[in-house]
Amino acid sequence: MADPLVSALKIASSGMEAQSTRLRIVSENVANAETTGKTPGADPYVRKTVTFAATLDEVTGANLVRVGDIGTDKSAFESAYDPGNPAADANGYVKRPNVNMLTEMMDMREANRSYEANIQVVKQAREIINMTIDLLRS
């Protein structure tokens, strides 16, 4: 049987890694929120999405989280009238990315909070391990 504190550390670290990837994807979406196509009628930047999957750690028997897939959002692009834009079609409309800044900010906030919660788990586990070591020394 694996040590529950080691399992807690592995679970928290897998959560931190997954949320770190999620934050990176959100950052890419925010950075490209205004990126249109380069040629007339071309598609703009497509919002990326992250899905998580559970995986079993064979050593500890703990269920860990990992990034299952980095996909794309299938929602439709908005159009904006901008005849001077190089990506404008024959009618002067430009396809805009399907990135909603409110959604991205909420995803960023949720990922940040999840990351911080995992940091607290690591801190608590380390504190318990240190207390155990101190008890064994006495």
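Residues numbered from 1 in each chain as written. Predicted model: local features only at pLDDT ≥ 70, side-chain atom pairs only at ≥ 80, totals over all residues. Heavy atoms only, no water.

*Asks:* Got a minute to help me understand the overall build of the chain in this structure?
*Replies:* For the chain, the count of helices and strands is two helices and four strands. Since a compact globule built from 138 residues should have a radius of gyration of about 14 Å, the 22 Å found for the chain marks it as more spread out than a globular shape. Seen through its C-alpha atoms, the chain measures out along the principal axes to roughly 80 × 25 × 20 Å. The proportion of buried residues among the 138 residues of the chain is 27%. In the chain, once contacts between residues fewer than 6 apart in sequence are set aside, the share between residues at least 24 apart is 62%. Accessible surface, the chain: about 9,000 Å² in total, of which carbon and sulfur atoms supply 55%. Computed over 15 positive and 18 negative side-chain charges, the inter-centroid distance for the chain is 2 Å. (Helix = DSSP H or I, 4+ residues; strand = E, 2+ residues; numbered from the N terminus. Rg over C-alpha atoms; globule rule 2.2 N^0.38 Å. Buried < 20%, exposed > 50% of the residue type's maximum accessible area, 1.4 Å probe, protein only. Contact = heavy atoms within 4.5 Å. Areas by Shrake-Rupley, 256 points an atom, 1.4 Å probe, with all protein chains shown as cover. Lys, Arg positive; Asp, Glu negative; His and termini not counted. Charge placed at Lys NZ, Arg CZ, Asp CG, Glu CD.)

*Asks:* How should I be thinking about the side chain of Asn29 in this particular structure?
*Replies:* Locating Asn29 in the fold gives a position in helix H1 (residues 4-31). When its relative accessible area of 1% is taken as the criterion, Asn29 is described as buried.

*Asks:* Would you explain the packing of H1 against helix H2 (residues 101-137) in this entry?
*Replies:* Each pair of packed helices gets described by two things: the angle between the helix axes and the distance between those axes. H2 packs onto H1 with a crossing angle of 160° between their chain directions and a minimal axis gap of 8 Å. Judged by the inter-axis angle, H1 sits roughly antiparallel to H2. Our pair here, H1 against H2, has a crossing hand that is left-handed. (Axes fitted to C-alpha atoms, helices over the stretch in contact; angles between N-to-C directions. Parallel < 35°, antiparallel > 145°, perpendicular 65-115°, else oblique. Left-handed = near helix turned anticlockwise from the far one by under 90°.)

*Asks:* Hey, could you run me through the UniProt feature "domain: Flagellar basal body rod protein N-terminal" (unreviewed entry) in the chain in this one?
*Replies:* The positions that UniProt labels "domain: Flagellar basal body rod protein N-terminal" (unreviewed entry) are, in the present scheme, residues 9-37. As annotated, residues 9-37 has a helix share of 79% and a strand share of 0%, and its two end C-alpha atoms lie 44 Å apart. (UniProt positions renumbered as here; feature names shortened; annotations may be inferred.)

*Asks:* Got a minute to help me understand the pattern of salt bridges in this structure?
*Replies:* Oppositely charged side chains can form a pair if their charged atoms are brought close together. Summed over the entire model, instances satisfying the criterion amount to eleven salt bridges. Notably, a salt bridge pairs Arg22 with Asp107, separated by 3.4 Å at the nearest N-O pair. Highlighted residues: Arg22 in helix H1 and Asp107 in helix H2, separated in sequence by 85 residues. When the shortest N-O distance is used, the salt bridge between Glu110 and Arg22 registers 3.5 Å. Of the two residues, Glu110 is situated in helix H2 and Arg22 in helix H1; the sequence distance between them amounts to 88 residues. Judged by relative accessible area, which is 11%, Arg22 ranks as buried. Shared partners join several salt bridges into a network, and the residues in it are Arg22, Arg47, Asp73, Glu104, Asp107 and Glu110. (Salt bridge = Lys/Arg side-chain N within 4 Å of Asp/Glu carboxyl O.)

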